[in-house]
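One-letter residues, chain by chain:
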Amino acid sequence: MKILLLEDNPTDADLVGRAIKNRWPNADLHLATTLSVARSLLKEEQPFDIALIDLNLPDGNGMDLLIELRTAYNNLPVIIFTSVGSEDIAIASLKAGANNYLPKRQGYQEIIPDQIEFTLNHTIENRKHIKVLYVEDHKADVELTKNHFGRYAPYIHLNVIASGELALSELPTNSGIESDYDVLLLDFQLPGINALEIIKEIRQVRKLLIPIVIVTGQGDENIAVEALKIGADDYVTKHNNYLIHLPTVLLNAYRRRELERQKQALKQSETKFRLLADYATEWEFWIDQKGTYIYNSPTCEKICGYTHEDFVKNNNLLVEIAHTDYREMLDNHFLRLEELIYKPIEFIIICLNGNEKWISHFCRPVYDDDGNYLGQRGVNKDITEQKRAETIQSVILNISNAVQTTPDIGEFMQFVHTELGRLVDVTNFFVALYNKKANTFNLPFYKDLQEDISEFPAGKTLTSLVFKKGVSLLLNAEDVIQLEKEEGIEQIGFESKIWLGVPLKIKGKVIGVIVVQSYTNPDAYTEKDKEVLEIISHQISISIERIRHEEDLVKALDKAQESDRLKSAFLANMSHEIRTPMNGILGFAELLKEPGLNSEEQQEYIDIIGKSGARMLNIINDIVTISKIESGTMDTYNSEININEQTEFVYNLLKLDAEKKGLNIIINNGVPDKESFINTDKEKFISILSNLVKNAIKYTDQGSIEFGYVLKKNSIPDSSFNLEFYIKDTGIGISKDRQEAIFERFIQAEIVDRMAREGAGLGLTISRAYVAMLGGTIWTESEEGKGSTFYFTIPYNSDYKQKIIIENDVSADTERHIKKLKILIAEDDEISKKLISKSVETYSKETLKVSTGKEAVEVFRNNPDIDLILMDIQMPDLNGYEATREIRQFNKEVIIIAQTAFGLSEDRDKTIEAGCNNYIKKPIIKNELLALIRNYFQ
Ligand code: ADP
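In this report, we go over the structure that sits alongside the text. Numbers given for residues are sequential positions, taken from 1 along each chain in its written order. Side-chain atom pairs in this predicted model are given and counted only at pLDDT of 80 or more, local residue features only at pLDDT of at least 70, and totals for whole chains, interfaces and linings cover all residues. Calculated side-chain values reflect all of the structure's heavy atoms, with hydrogen atoms and water omitted.

1. Section: the overall build of the chain
Next, step 1: Helix numbers and strand numbers start at the N terminus; a helix is a DSSP run of H or I with at least 4 residues, a strand a run of E with at least 2. The secondary structure content of the chain amounts to 30 helices and 35 strands.
Next, step 2: This radius of gyration counts C-alpha atoms alone. The globule rule is 2.2 Å times how many residues there are, raised to the power 0.38. Taking 30 Å as the expected radius of gyration for a compact globule of 938 residues, we find that the chain reaches 59 Å, considerably beyond that expectation.
Next, step 3: Relative accessibility decides the category of a residue: with a 1.4 Å probe and only protein chains considered, values under 20% of the type maximum give buried, values over 50% give exposed, and everything between is partly exposed. In the chain, which comprises 938 residues, the proportion classed as buried is 46%.
Next, step 4: When contacts within the chain are restricted to residue pairs at least 6 apart in sequence, those whose partners lie at least 24 apart make up 63%.
Next, step 5: Note that accessible areas follow from Shrake-Rupley with a 1.4 Å probe, and for residues the cover is restricted to the protein chains shown. Accessible surface, the chain as shown: approximately 49,400 Å² in total, 50% of it carbon and sulfur.
Next, step 6: The convention is simple: Lys and Arg are positive, Asp and Glu are negative, and His and the chain ends are not counted. Here the site of a charge means atom NZ of a Lys, CZ of an Arg, CG of an Asp or CD of a Glu. Between the averaged position of the 107 positive side-chain charges in the chain and that of its 144 negative side-chain charges there is a distance of 4 Å. For this analysis, residues touch if any pair of their heavy atoms sits within 4.5 Å.

What follows is the structure, given as structure tokens:
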């Protein structure tokens, strides 16, 4: 800021300078102590922003400088320092064009920065100079006026012209041209064309707006009135001191005209505004203080269907067409109108055609200059689309958030239904997820006025069409009929008036369809609804995928946790189950060592040890089996077997055990032998059946056990048959609440009141897994204290039923009829060797024993009359597979039965592949081995 300070008093200058520098440290302050220095400073090229002028100076009066500035059209803002009490001088300086004055009171320097600021802020408007065209032929008057104005009204610039003709030539010829002058000052007595004619020309011909002030002689008031009538703005009479008033008169004329001009401009812009409002997309309205509508832009009708006239007739129309939910809010709004600080309010209106629209209403009260309330102006905006977009956004957001809190698809869909309801009519709504396996649509959510289904076959339904094409379909009743004809679409269920289906897609793959439909309103859905559903379907798809994924994870976790828990319980039980027989073995083995035992005692101890060993082996077998089932490495090996043969095998195997307990055991085969061939996993089948019969014996203390099977036609309409096995006992039975649990993996171990009978509780679990592998189901019917019947099914795939089977009477008696065999035992372990040879004693006429594969081949070569080779698989130098292969090179007839380590079913394939006829798992159970041998030598 460049500041001129004209001050001859050094103390004042210093204090003023300090105050300024204090406020504006960078101010460019120039000090002048005389008028002449000030004058020369003012000639500098860079203009000053403000001048602070003291009046009493060594070389003259500060006022002179002010007047020089103003006559030279210099607008430089000026503050005059006056002495205290000299108001006249202050006023004179203001009249001369000073912008402000400051009496030199004590400490006046302090307020100078504020005064500078105030002056600068307020001078802009005061800087306005007005140019006056002064028409006057009287030279003396001209001189007087000029002098007076020069001194007291320097902001008025006079251009003096001596005649009316010349004056007219200075003015524009029509209103379209901008005039150089702000006011016309017209002496009434002019030579040539007189003032009235000049005014007429200006107002009527040229239609100029320039303010006109008349100067008349005293007593010419009538003329003045005449002049005012035809368009003059004001007049002065040349009485004494009239010059004092003249500047004010000129200024007022000018200001009035300016005001007028501004009003005109305002009016124009108002018309413009009205025009704009008429074409605006917004519905503008004005309401007067009585609440009557004075204006509604035409958009009003476009938005709501009601016209301006409708609103004029009914002040309350807007409230009446508002949705009932919003009426109270609107009433309140209008009641408190005057006192409200306005912000837009939003509500729904029901348009004339019944459609709903969202409106944003904004209005302001209008007041006149005196603060009287004049009514209100405002605007109603149609924000339906915006609301819809907002709602879509929020629905999408809610749906995506819901995934975190909604545990399953059904519940999630319930939520989606509610959310979608904010956008479209979801009275009849379902979500169909495609099930590939069954070629059906599952409906995790179904809401319908007419029907209630949870699944339907994909077939040729509309849903299917959307699914296959992967595109949305919006169909009315006719479209559907057309599709029935063209695409063979079959509409299931109720016929809808309009049907809208949108595919659910994940990464371009369609997983299902969302359907909404209306049975009553053919206009219930539009293309827009289709678009909305399409936008939202994407989020729904993503969410479904996520929930499915999470469901899988939760299931996996549950399963992991459950099996963890159950395994701990199981292990605890297992350790008990293993310790018990182990106690038996170790304890009685110790007792056996004692001297002086009689043979009866010895036999008893040995029996106990044998039983305990068998029990432990069973447990170990079960554990191995279970872990194989658990790990999913258990395979099935199907072969053609004769069921009757197998049931009888089991019967023979366990008959003795039953009889030992004094139980009667009956077998009942439901199909003749020659039709009892099926293709199944023999080992698993035997395991299931023998386990159930063993349990029946175990849990029955008196009465009988009956088992067998019947042929049953399946209820599923594919005319297949099942063999339904039953094992019925008269034992202790099972309570209702345990009938399911006993099949559960390890569950038995948890049952506290478990009967104190030996068993690890794995038998039924294994049986159930096996039955499932064979394609059947297992269940029980039981009554506590009366007995149980266990059932299981396997498919009767009777391709082999025509085969004739050789009569095969497997009874205990056969043992005696079988021919005596020459047997070779190949086994490197001495104890096993002994055990086997002891076991087969009844069938053998001669037994040869070798310890390696090589020896086995050698011995057989030298003894081709050998009937049976019991071949251990794990032997030194040549293993069982290799030995068998070598033997098969020169002999295909001899029966070779392999002995394998327990549990490894895949060994079976290997043994058969190597050329063995069959195999038996170690440790070898005598009865099993004999039963196996009988199969080949009856
Ligand atoms: P285990 O017999 O080794 O305990 P299972 O899995 O074979 O294991 O049987 C589980 C449980 O089911 C048994 O502990 C027993 O309580 C019950 N159960 C099985 N079969 C019968 C039956 N025929 N009569 C009564 N209870 C039975």
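There's more to say after this.
2. Quick look at the environment of Ile823
Next, step 1: Within the secondary structure, Ile823 is located in strand 31 (residues 821–826).
Next, step 2: Judged by relative accessible area, Ile823 falls into the buried class, the value being 0%.
Next, step 3: Spatially, the C-alpha atom of Ile823 lies 6.2 Å from that of Leu848, the residues being 25 residues apart in sequence.
Next, step 4: Excluding anything up to four places from it in sequence, Ile823 contacts Val840, Ser844, Glu846, Thr847, Leu848, Leu868 and Leu870.

3. Re the site of the ligand
Next, step 1: Proximity is defined per residue: if any heavy atom of the residue lies within 4 Å of a molecule or strand, that residue is considered near it. Residues in contact with the ligand amount to 20 residues; listed here are only the nearest, Asn695, Lys698, Tyr699, Asp729 and Leu764.
Next, step 2: Any pair of nitrogen or oxygen atoms within 3.5 Å is treated as a polar contact; in protein, a donor-acceptor pairing is required on top of that, and neighbouring residues in sequence qualify only through side-chain atoms on both sides. Between Tyr699 and the ligand, the recorded distance is 2.9 Å, taken from a side-chain N or O atom to an oxygen atom.
Next, step 3: Contact distances for the ligand include 3.3 Å between a nitrogen atom and a side-chain N or O atom of Ser788.
Next, step 4: When the free accessible area of the ligand is taken as 520 Å², the share hidden by the protein chains comes to 97%.
Next, step 5: Residue assignment for the shell around the ligand shows that the elements contributing at least two residues are helix 22 (682–698), helix 24 (763–773) and strand 30 (787–795).
Next, step 6: With three residues, the top contributor of residues to the shell around the ligand is helix 22.

4. A closer look at the state of the cysteines
Next, step 1: Disulfide: a pair of cysteine sulfur atoms within 2.5 Å of each other. Taken as a whole, this structure holds zero disulfides when the rule is applied.
Next, step 2: Here Cys304 is not cross-linked by a disulfide; its sulfur's nearest cysteine counterpart is in Cys300, at 4.2 Å.
Next, step 3: With a relative accessible area of 1%, Cys304 lands in the buried category.

5. Description of the sheet that holds strand 23 (residues 509–518)
Next, step 1: Whether two strands pair comes down to DSSP finding at least two bridges between them. Spatially, six strands are ordered 20-19-18-23-22-21 in an open sheet, and the strand pairing comes out antiparallel. A strand with exactly one partner marks an edge of an open sheet, and here the two such strands are strand 20 (455–457) and strand 21 (473–476). Neighbour-to-neighbour, the strand axes of this sheet turn through a mean angle of 25°, independent of strand direction.
Next, step 2: Against the sheet, helix 17 (residues 462–469) touches strand 18 (429–435), strand 19 (440–447), strand 20, strand 21, strand 22 (498–506) and strand 23, its axis set at about 140° to strand 23. Lines fitted to C-alpha atoms define the axes, with helix axes restricted to the stretch in contact, and inter-axis angles between N-to-C directions lie between 0 and 180 degrees.

6. Considering the packing of aromatic side chains
Next, step 1: Stacked, edge-to-face and tilted labels apply to pairs of Phe, Tyr and Trp rings (six-membered ring for Trp) whose centres lie within 6.5 Å, assigned for plane angles under 30 degrees, over 60, and everything in between, in that order. Counted according to the given criterion, the structure contains 20 aromatic pairs.
Next, step 2: Ring geometry for Tyr293 versus Phe311: centroids 5.1 Å apart, planes at 65°, classification edge-to-face. Residue Tyr293 is found in strand 14 (residues 293–296), and its partner Phe311 is found in helix 12 (residues 308–313); the two are separated by 18 residues along the sequence.
Next, step 3: Judged by its relative accessible area of 5%, Tyr293 is buried.
Next, step 4: For Phe311, a relative accessible area of 0% gives the class buried.
Next, step 5: Among the aromatic residues, those joined into a cluster by ring pairs are Phe430, Tyr434, Phe441, Phe456 and Phe467.

7. Points about helix 1 (residues 10–23)
Structural remark: α-helix, 3.6 residues per turn; residues separated by three or four positions point the same way.
Next, step 1: One fewer than the residue count of a helix, multiplied by 1.5 Å, yields its expected span. For helix 1, with 14 residues, the first-to-last C-alpha span of 20 Å sits near the 20 Å given by 1.5 Å per residue.
Next, step 2: Within helix 1 the residues assigned to the buried category are Asp12, Ala13, Val16, Gly17, Ala19 and Ile20. Buried residues along helix 1 cover an arc of 160° about the axis, so they all sit on one side. Exposed residues on helix 1 whose side chains face more than 90 degrees from its buried face are Pro10, Thr11, Arg18 and Asn22.
Next, step 3: Looking at where helix 1 begins, the residue whose side-chain oxygen comes 2.9 Å from the main-chain nitrogen of Thr11 is Asn9. Taking the helix axis as origin, the arc is that swept by the directions to the C-beta atoms.

8. Some words on the layout of surface pockets
Next, step 1: One number sums up the size of the second largest pocket: a volume of about 740 Å³.
Next, step 2: Cavity means a closed set of points on a 1 Å grid over the protein atoms alone, one where a 1.4 Å probe fits but cannot get out, pocket means an open set with protein on both sides within 12 Å along at least 5 of 7 lines, and lining means a residue has an atom within 4 Å of a point. As for the second largest pocket, its lining consists of 21 residues, and the residues nearest its centre are Glu356, Thr384, Arg388, Leu423 and Asp529.
Next, step 3: For the lining of the second largest pocket, the elements supplying multiple residues, two or more each, are strand 16 (356–367), helix 15 (384–405) and helix 19 (527–592).
Next, step 4: If you tally residues by element for the lining of the second largest pocket, the top one is helix 15, at five residues.
Next, step 5: Each residue is assigned to one of three groups, with Ala, Val, Leu, Ile, Met, Phe, Trp, Tyr, Cys and Pro labelled nonpolar, Asp, Glu, Lys and Arg labelled charged, and all others, Gly among them, labelled polar. Partitioned by chemical class, the residues of the lining of the second largest pocket number five nonpolar, six polar and 10 charged. Grid points are joined across faces, edges and corners, and a volume is the space filled by probe spheres set on the points.

9. Focus on the side chain of Thr647
Next, step 1: Among the structural elements, Thr647 can be located in helix 21 (residues 643–660).
Next, step 2: Separated by 3.0 Å, the side chains of Thr647 and Asn669 make a polar contact.
Next, step 3: If sequence neighbours within four positions are ignored, Thr647 has contacts with Ile667, Asn669, Phe685, Leu689, Phe707, Tyr709 and Phe725.

10. Digging into helix 8 (residues 195–205)
Next, step 1: Those residues of helix 8 lying buried are Ala195, Ile198, Ile199, Ile202 and Arg203. Projected onto a plane normal to the axis of helix 8, the buried residues spread over an arc of 110° and lie on a single side.
Next, step 2: For helix 8, the N-terminal cap is Asn194; the gap from its side-chain oxygen to the backbone nitrogen of Leu196 is 3.0 Å.
Next, step 3: Phi for Lys207, located one or two positions after helix 8, is positive at around 55°.

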